[in-house]
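# Structural features, examined
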Amino acid sequence: MKKYGDEYDVIIETIEKMDIVDNHAHNLVSINSTFPFIKCFSEADGDALSFAPHTLSFKRSVRDIAELYGCEKTLNGIEEYRKSAGLESISSECFKATKVSVLLIDDGLEFDKMHDLEWHKSVAPVVARILRIEYFAEKILNDEIPNGSKWTLDLFTDIFATKMKSVANQVVGLKSIAAYRSGLEINPNVSKKDAEEGLFEALSAGKPIRIQNKSFIDYIFTCSLDIALSFDLPIQIHTGFGDKDLDLRLSNPFHLRAILDDKRYSKCNIVLLHASYPFSREASYLASVYPQVYLDFGLAVPKLSIHGMISSVKELLELAPTKKVVFSSDGYAFPETFYLGAKRAREVVASVLRDACDDGDLTISEAVEAAKDIFKNNAIQLYKLQKLVGSSSSNDDTPHDSKTLKANVPEQGIVFVRVVFVEASGQHRCRVIPAKRFYDVVRHKGVGLTFAIMGMTSFTDGPADGTNLTGTGEIRLMPDLSTKRTLPWSRQEEMVLADMELKPGEAWEYCPRETLQRASKVLKDEFNLEMNAGFENEFYLFRAILRDGKEEWIPLDHTPYSSTQSFDVASPFLQEVNAALQSINITLEQMHAESGKGQFEIVTGHAVCTSAADNLVYTREVIRAVARKNGLLATFLPKYDLNDIGSGCRVHLSLSQNGKNVFMGSNDGSSRYGMSKIAEEFMAGVLGHLSSVLAFVSPLPNSYDRIQPNTWSGAYHCWGTENREAPLRTACPPGIADGLVSNFELKSFDGCANPHLGLASLIASGTDGLRRHLSLPEPVLTNPACVKGLQRLPNDLEESVEALEKDAFLKEFIGEKLVTAIIGVRKAEIDYYSKNKDAYKELIYKY
């Protein structure tokens, strides 16, 4: 056995203390169930089960359970302890040790005296359902046929699809046991004639129905794939070993090639369960070459020997990306199975990752990241659990206490939770909930809010005319628990971003976060692309003085761009901002003094645009709050002083496909402008809609006081390569080959924009470019103000709104009602500030 040094302790510590997502398990049973406890240790049945106590995994597992319970280290000793302690007690012990924060249950495996899904919420904070498709189909056929009709394939298909669609929003994934019935060599083009014959064969055998005909199973499988695609649900597939009902020869995942190669299903994520043992290498290969294939290693862990478990997981990771491997306990019937699965998975993965470091495959930090991905982050992304879990995306790996979770109480010392949202005018607002009420009620049911909120302006708390929004009607602010953070400047409070929903689970068409998520989904579904964003946050810092008995805010300093003196003055404040951002897992890349008096810039790292928008909201919150804490005032207003330089929130955008930046062109000299064809089309769409986009990213009349020629803000309708006077600029940062570009920058985005709506408008514009295969005009390589005949971008908000009103594509893509509300708010802003010329000065307190 290898000897590991202290440098590997961080891997072990990370894995041991972190909460985990169990992506595949089954229901627990009552303590007096007839299901034999010895099945906890083996897949065998009948006479073969009598040999289970002579396996390596049995002997090891009995010791593991006995040590947890402090009882006699025999099967009989454990069973006596179970009976005397009771299910609630042993479940508490096992799940407290397991530290499972999310439990995904396939409830299609029936046991005697089995508990329902709701019961399991007493042992895990989040419980969600995996729907077993064959069991679901059998239940339909076992029910009475509606209206006295006779079964036909068309009737079955209609009922199956209707019922599955009715529950699709209540599950997080599907599951198939085709391997147990007819094998994995599934025909994606099975004929209706063969499928109907299979249906009649199942019916002729009598009730209870057990579907075994291959053609009918293949048909059910492909119908389920269609529904999975419609609802963006992954599908789990049993592969590899199991009980003797299964023909191991037909459960090799290589048999799935016909499904995997079928373009109709190329975007349906498939999870190969149980390490596909003994076909782990085959599974690893499939995950490496098919973007939709993910791997799970439950059942292989803990049912194999130590060597077998380590070998199997190593084989999975020989080719498979660590971003595509997920943990499960494959726990079932007994809480001890969950404990054994989690305990051994932690030990095995730690051993495998340490060996990978020892071999030079991974660095320590890469191994830590892989561990977090395997045990939690991959499953959260794959099953879209962000709204169900708390603090997952922040990598908060502090173990939960099961009693605390069961009681649904906040972390110790938390007094308030701020439910934060950003409305159409770009103002940050929040509803503050006492912690106990938040955890008892609001995190599940949300908090009420008026329809009028998305019609409010920067100058008054009432809906603007023309928005079609009034005080009549109420939405729910539903916390997205994946965004929950402890306030760095007030440790007794938490903040969480919220979605606007008509009722829990039903999005409101005006919701900014949902709009960005929907836009991102279109980009992903149509082009398999994700837009990434990183922001440059410019802001002014003021200090208060008394003048004629009145408080007045003046710039913190008067030094020039990148001044060392300016940084000295602001360093305590900036150090605290840096620490606060790090504490909520927002990457800060650089900071410096800007050209304005008391002006600074903080650059945050890029992320997938949905996360980038959330991070921008929190970045602004941190900067303003830390300023207040230090007796300062920070403002992101674009032009607080018409005689000083303006503040923007320039955004850098790139495109990725399967995790790879595809914005860059080829370094063989064949790429136009150093970017890929995809990048050019996307950027051409943004350029084409830029006048309309300004109504989203430059939302105030004051925004246009900043967008002026010769101020590096992009006043003309053009693009350029490393041209800081162009509104769109392609960038070639250090590390990128000469002549290639990695992203492009939009200069018009400012600190008053709702980041979710702003990024949604950019995705919409880029998508139009991709659909129509648009091309960019020639870049402007000089100061645009000196180029004769070059079109000016809108001089004011009114011109931007006029452009948006005429932009049929953006209206349809983003939503007619939401765009109408945006236009109504903007027109109210135009009217008010045209009549109140100095009113913009008060906006330093709002932005």
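In short, a report on the structure. Bear in mind that the values here come from a model prediction, so they are computed numbers and not experimental data. (Residues numbered from 1 in each chain as written. Predicted model: local features only at pLDDT ≥ 70, side-chain atom pairs only at ≥ 80, totals over all residues. Heavy atoms only, no water.)

What follows concerns the overall build of the protein. What the protein contains, in helices and strands, is 27 helices and 27 strands. Relative to the compact-globule value of 29 Å for 847 residues, the protein shows a C-alpha radius of gyration of 29 Å, a close match. When the backbone C-alpha atoms are referred to their principal axes, the protein occupies close to 95 × 60 × 60 Å. Burial status across the protein gives 59% buried among its 847 residues. Sequence-distant contacts in the protein: of pairs separated by 6 or more residues, those separated by 24 or more amount to 75%. (Helix = DSSP H or I, 4+ residues; strand = E, 2+ residues; numbered from the N terminus. Rg over C-alpha atoms; globule rule 2.2 N^0.38 Å. Buried < 20%, exposed > 50% of the residue type's maximum accessible area, 1.4 Å probe, protein only. Contact = heavy atoms within 4.5 Å.)

Further remarks concern the sheet that holds strand β9 (residues 325–326). Taken together, 8 strands build an open sheet; the order of strands is β1-β2-β3-β4-β5-β6-β7-β9 and the sheet is parallel. Edge positions in the open sheet fall to β1 (20–25) and β9, since each of these has one partner strand only. Looking at chain direction, strand β2 (residues 100–106) and strand β3 (residues 126–132) are connected through 5 bridges and run parallel. The residue bridging Asp 106 from the neighbouring strand is Ile 130, located in β3. Taken strand by strand, helix α11 (residues 280–289) contacts β6 (270–272) and β7 (293–296), and its axis lies near 145° from that of β7. (Pairing = 2+ DSSP bridges. Axes fitted to C-alpha atoms, helices over the stretch in contact; angles between N-to-C directions.)

Turning next to the packing of aromatic side chains. How two aromatic rings sit relative to each other is set out by the distance from centre to centre and by the angle between their planes. Following the criterion strictly, the structure yields 31 aromatic pairs and no others. With centroids separated by 4.5 Å and ring planes inclined at 20°, the aromatic side chains of Tyr 69 and Tyr 81 adopt a geometry described as stacked. Taken together, the residues Tyr 69 in helix α2 (residues 56–69) and Tyr 81 in helix α3 (residues 75–85) connect sequence positions 12 residues apart. A relative accessible area of 21% means that Tyr 81 is categorised as partly exposed. (Phe/Tyr/Trp six-rings, centres within 6.5 Å; stacked < 30°, edge-to-face > 60°.)

Right, let's get into the packing of helix α4 (residues 87–98) against helix α14 (residues 335–359). With their axes 9 Å apart at the nearest point, α4 and α14 run at an angle of 15° to one another. The pairing of α4 with α14 is recorded here as roughly parallel in orientation. The way α4 lies across α14 gives a crossing that is left-handed. For the pair α4 and α14, the contacting residues are Leu 87, Ile 90, Ser 91, Cys 94, Phe 95, Ala 97 and Thr 98 in the first and Pro 335, Glu 336, Phe 338, Tyr 339, Ala 342 and Arg 346 in the second. Grouping the constituent residues of the contact of α4 with α14 by class yields 9 nonpolar, 2 polar and 2 charged. (Parallel < 35°, antiparallel > 145°, perpendicular 65-115°, else oblique. Left-handed = near helix turned anticlockwise from the far one by under 90°. Nonpolar A, V, L, I, M, F, W, Y, C, P; charged D, E, K, R; others polar.)

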